[in-house]
Every structure is written in structure tokens, then in C-alpha cells.
Amino acid sequence: MFRIDFNKLRFLVCDDNPHMRRILRTLLHSFGAREVYEAEDGATALEMYTHYVPDIVITDWSMPIFDGLELAQMIRQPESKGNPYAPIIMLTGHSEKRRVTVARDAGVTEFLAKPISAKGLYQRILNVVASPRPFIKTKTYFGPDRRRNTNNTYIGPERRVGGEVEVLQQPSLLDKARSGV
Amino acid sequence: MRKDKPAEIKVKTFATHHVITQPNPLRKVLRRVDEKDIDDPVARAEQALAGLSGEFRDWMLVEAERLAAAHTAILKNGFTHKAAEELFRAAHDIKGDAATFGYPSAAVAAESLCRIIEHAPDLDKVPPELINHHINAIQAIVRDHTRLDSVKVATELSRKLRGVADEYLMHVNRDRPEHLEAILAPSIVPGE
């Protein structure tokens, strides 16, 4: 059984709602985290991301200036000077399947639909810490491997070619969002 | 976590993609513990959240006031892009936060309002009473929250509002399949 030493992790929390930031801060501190930086919009978050180099980013979707999706896209720039590999957990009130897919394609690592629960947040953090996925770079995508299942029968236009399928078996992002944990 | 030195990144190149791996930079923060280790971070966090609950009613009142202010601006100036965005944002925050604050019915009504704003082809043509009823319901649910007899009414009210809103949205989007699909798709939020 594994536990996380939260006091060695640095978090960046980005949400325009001060109440949600307070809840996230409370949860992370009670998990044991000491370093929790907060931003109330995407632009400030990006600045803080470069400055504080957090280990994990937790972001809302809907925010002023630029939103959580754009923040994820800006972090996932393979040529950028900052770290493009940091896990991004999107915590959002958006609760439609289409949104999960869009978030996944922006390079989001985990998706957690509100209402938030301590268990749901802990599980997402444990997952990004214990089971990081390889990154994939294509002409149109840079981010964590979006495949969660081995499906050798898929022959659609998005099938990657030129190598054996190497995937870590995990539930799909959508199934995890549905399960809430 | 302080990074002493950058982890070594390995890149495998294929015809259409690159697979990039690196030793897990966060592995150092994992520690193996005994099953009988009584420290439960989730229980600790739930307890801390319960400690905050005394503030939830005030927070909910702030959220409801913000929604009312956004609606007042629309009644005064109509559905400008900025005003619609603010109404959506206020409703969306209630949708996300209200259940955590102990107001699940307000979250349901707020979600229904968000769907109207997101999927109505023309907000100026939405019957004003449909919007008004959502706003009034959320305000009433928040104000009367402490009355035990109001819980059942709030649940029923939110359910009916959602039904009316969905019926309206399905009608006005009958020729817009992409919206219709989104309207009919089940929510990914786990049920209570």
C-alpha cells in the first residue's frame, strides 16, 4: 500500500472562484501539502507555473482572461522553456462527455467533475504520482498518452502506425469521470 | 518537489509519432506503508472540509447574490455577450459548488440554467419567465435551506424546472443535431 508524501509536492491551483480555491487549499493542506500556490485566472496561473515550477497543476475550466483548457494547451508546448510534462488535473463543473474528450485532447492528465470530494481528488493525485503515462507527440498533439486500453482491432484514421502498441492499462478518462473516484 | 537534476528523457520515434518517456520524477514522494497504518489522508481531509461547513451558508448567499446581480443586468440591458457570460459563470459556479455546500437542488437548477444559456440558439428569444423561474428557484432554495420541509419541495422544483428547460431546448434545437446530442447526453457526474 502506497501513500504520498504531500509535504514534498508543490501544487498550483487555478480557479476564479475564491470559495473553491479555499476548499482545494483546505483539502490539499489536510492531505499534508505545504506548498499550494493559487491563481484566479489562466494568465496568472501560467506566470506562476513558470515561476514556481509546480509538480501538479489543478485547474478549473471556465475562467476569465484565458481558461483552463487554454492553460493546459500553453503548458503542453514541447518547445517551451518551462516543464511541459507536469500532470494537469482538470476540476470542473462541466459534466458532458464532449468536454472530457476536449480536455483530453488539450493534454489534460486527469479529469474530475464537480462536486469535489476528498476521495476523488486524492485518487487523481495518487494516479498522476504513481502511474504517469508516457507522452506522445504527433503533428497535432502533445501530451500524456490518450490510449488507456489495448485495442488492436481499431483501424480508424487516428490509429498510430509504425510501432507496437504500448499502453498502460487504465480506465478511460470518461469512465473515471463517471465513477467520481 | 525540488528537482535536483532533470530526469533523463527517452524518445522513441515512429512513423507518425514520438513516444516520450522519463523516469517518474514524482516517484520519490511515494512511500510504502503498512495496511494497518491508521493515518487516512482522505478521512482527515473530509474532517477538515466538515470544519469549513459553518461558512457554507454565507458562501452560498454570496453565490446566489452574484447570480441575482447578473440577472438584474440582463433585465436592464438585455443579453449582451458580457452579460450572458457573467450569468453563465455565476450559474456554472453554483452548479459546481452548491452540492459541496449542502445545496444539491440549487446545483440541479443552476445546471439547467447553464444548459439554456449554452444551447439556446438565441437567448433573446428564450421566454423570460423560463430564466426568471430558474433564478427565483435558486434564490428560494438558498434562502429556505434551513427549513426541513423545504428540501423535498426544492428537489421537486429543480426536477420540474429541468424538465421544462429540456423540453424547450429539444424543441428549439430540433434542427441542430450537435446541440441535440449534447442536450440528450447523460451527465458524467456520478449520481448521489
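Up top is the structure.
The structure presented is a predicted model; accordingly, all values stated were derived computationally and were not measured. (Residues numbered from 1 in each chain as written. Chains lettered and ligands numbered in written order. Predicted model: local features only at pLDDT ≥ 70, side-chain atom pairs only at ≥ 80, totals over all residues.)

A. Structural detail: the overall build of chain B. Of the regular secondary structure elements, chain B holds 7 helices and 3 strands. Secondary structure elements in chain B, listed N-terminal to C-terminal, are β-β-β-α-α-α-α-α-α-α. Relative to its 192 residues, chain B shows a buried fraction of 29%. Pairs at least 24 residues apart make up 58% of the contacts formed inside chain B by residues separated by at least 6 positions. (Helix = DSSP H or I, 4+ residues; strand = E, 2+ residues; numbered from the N terminus. Buried ≥ 20, exposed ≤ 12 C-beta atoms within 10 Å, placed from the backbone. Contact = placed C-beta atoms within 7 Å.)

B. Looking closely at the sheet that holds strand β2 (residues 10-14) of chain A. All names here are of chain A. The parallel open sheet is built from 5 strands, whose spatial order is β3-β2-β4-β5-β6. Sheet topology places β3 (35-39) and β6 (110-113) at the edges, where each strand pairs with a single neighbour. Put simply, the sheet's adjacent strands are angled 20° from each other on average, direction ignored. Direction of pairing for strand β5 (residues 88-92) relative to β6: parallel, over a ladder of 4 bridges. Across the sheet, the residue bridging to Ile89 is Glu110, located in β6. The sheet contacts of helix α3 (residues 68-75) involve β2, β4 (56-59) and β5, and relative to β5 the element is tilted by about 175°. (Pairing = 2+ DSSP bridges. Axes fitted to C-alpha atoms, helices over the stretch in contact; angles between N-to-C directions.)

C. Broad picture of the packing of helix α4 (residues 104-119) of chain B against helix α5 (residues 128-143) of chain B. Residue and element names in this part refer to chain B. Following both chains from N to C, one finds α4 and α5 inclined at 160°, their axes separated by 9 Å at the closest point. Taken together, the axes of α4 and α5 are roughly antiparallel relative to one another. Like other packed secondary-structure pairs, α4 and α5 cross with a definite hand, here left-handed. Contacts from Ser105, Ala106, Ala109, Ala110, Ser112, Leu113 and Ile116 of α4 reach α5 at Leu130, Ile131, His134, Ala137, Ile138, Ile141 and Val142. Residue composition of the contact of α4 with α5, grouped by class: 11 nonpolar, 3 polar and no charged. (Parallel < 35°, antiparallel > 145°, perpendicular 65-115°, else oblique. Left-handed = near helix turned anticlockwise from the far one by under 90°. Nonpolar A, V, L, I, M, F, W, Y, C, P; charged D, E, K, R; others polar.)

D. Spatial organisation of the environment of Leu180(B). Residue and element names in this part refer to chain B. Mapped onto the elements of the fold, Leu180 is located in helix α7 (residues 177-184). Distance in space between the C-alpha atoms of Leu180 and His119 is 8.6 Å, their sequence separation being 61 residues. Look past the residues within four positions of Leu180 in its chain and what remains in contact with it is Met170 and Asn173.

E. Expanded view of the sheet that holds strand β1 (residues 10-13) of chain B. The antiparallel open sheet is built from 4 strands, whose spatial order is β8(A)-β7(A)-β2(B)-β1(B). Only two strands of the sheet have a single neighbouring strand rather than two, namely β8 (142-144) of chain A together with β1 of chain B. Within the sheet, the average angular offset between the axes of one strand and its neighbour, ignoring direction, is 25°.

F. Structural detail: the interface of chain B and chain A. Tallying the contact residues gives 41 residues for chain B and 50 residues for chain A. Taken together, the elements giving at least two residues each to the side of chain B that touches chain A come down to β2 (18-21), β3 (30-32), α1 (41-52) and α3 (81-97) of chain B. Ranked by residue count, the leading element in the side of chain B that touches chain A is α1(B), at 8 residues. Across the side of chain B that touches chain A, the residue classes tally to 22 nonpolar, 9 polar and 10 charged. When strand β1 (residues 2-4) of chain A meets β3(B), the two strands line up antiparallel, connected through 3 bridges. For Ile4(A), the partnering residue across the bridge sits in β3(B) and is Leu30(B).

G. A look at α5(B). Residue and element names in this part refer to chain B. Its 16 residues place the ends of α5 22 Å apart at the C-alpha level, agreeing with the 22 Å of an ideal helix rising 1.5 Å per residue. Buried residues of α5: Ile131, His134, Ile135, Ala137, Ile138, Ile141 and Val142, and no others. The buried residues of α5 all sit within an arc of 155° when viewed along its axis, so they share a single face. α5 presents Pro128, Glu129 and Asn132 as exposed residues on the side facing more than 90 degrees away from its buried surface. Along its buried surface, α5 packs onto α2 (56-77), α3, α4 and α6 (150-172). (Expected span 1.5 Å × (residues − 1). Arc of directions from axis to C-beta.)

H. Layout of the pairing of β4(A). Residue and element names in this part refer to chain A. With burial as the criterion, each face of β4 is covered, one bearing Ile56 and Ile58 and the other bearing Val57 and Thr59. Where β2 lies against β4, 4 bridges are found, and the strand directions are parallel. The residue of β4 that forms the bridge with Cys14 is Thr59. Here β4 runs beside β5; their pairing, made up of 3 bridges, is parallel. Note that in β5 the partner of Val57 across the bridge is Ile88. As a crossover connection, the stretch from β4 through α3 into β5 is right-handed. (Right-handed = clockwise from strand over helix to strand, strands pointing away.)

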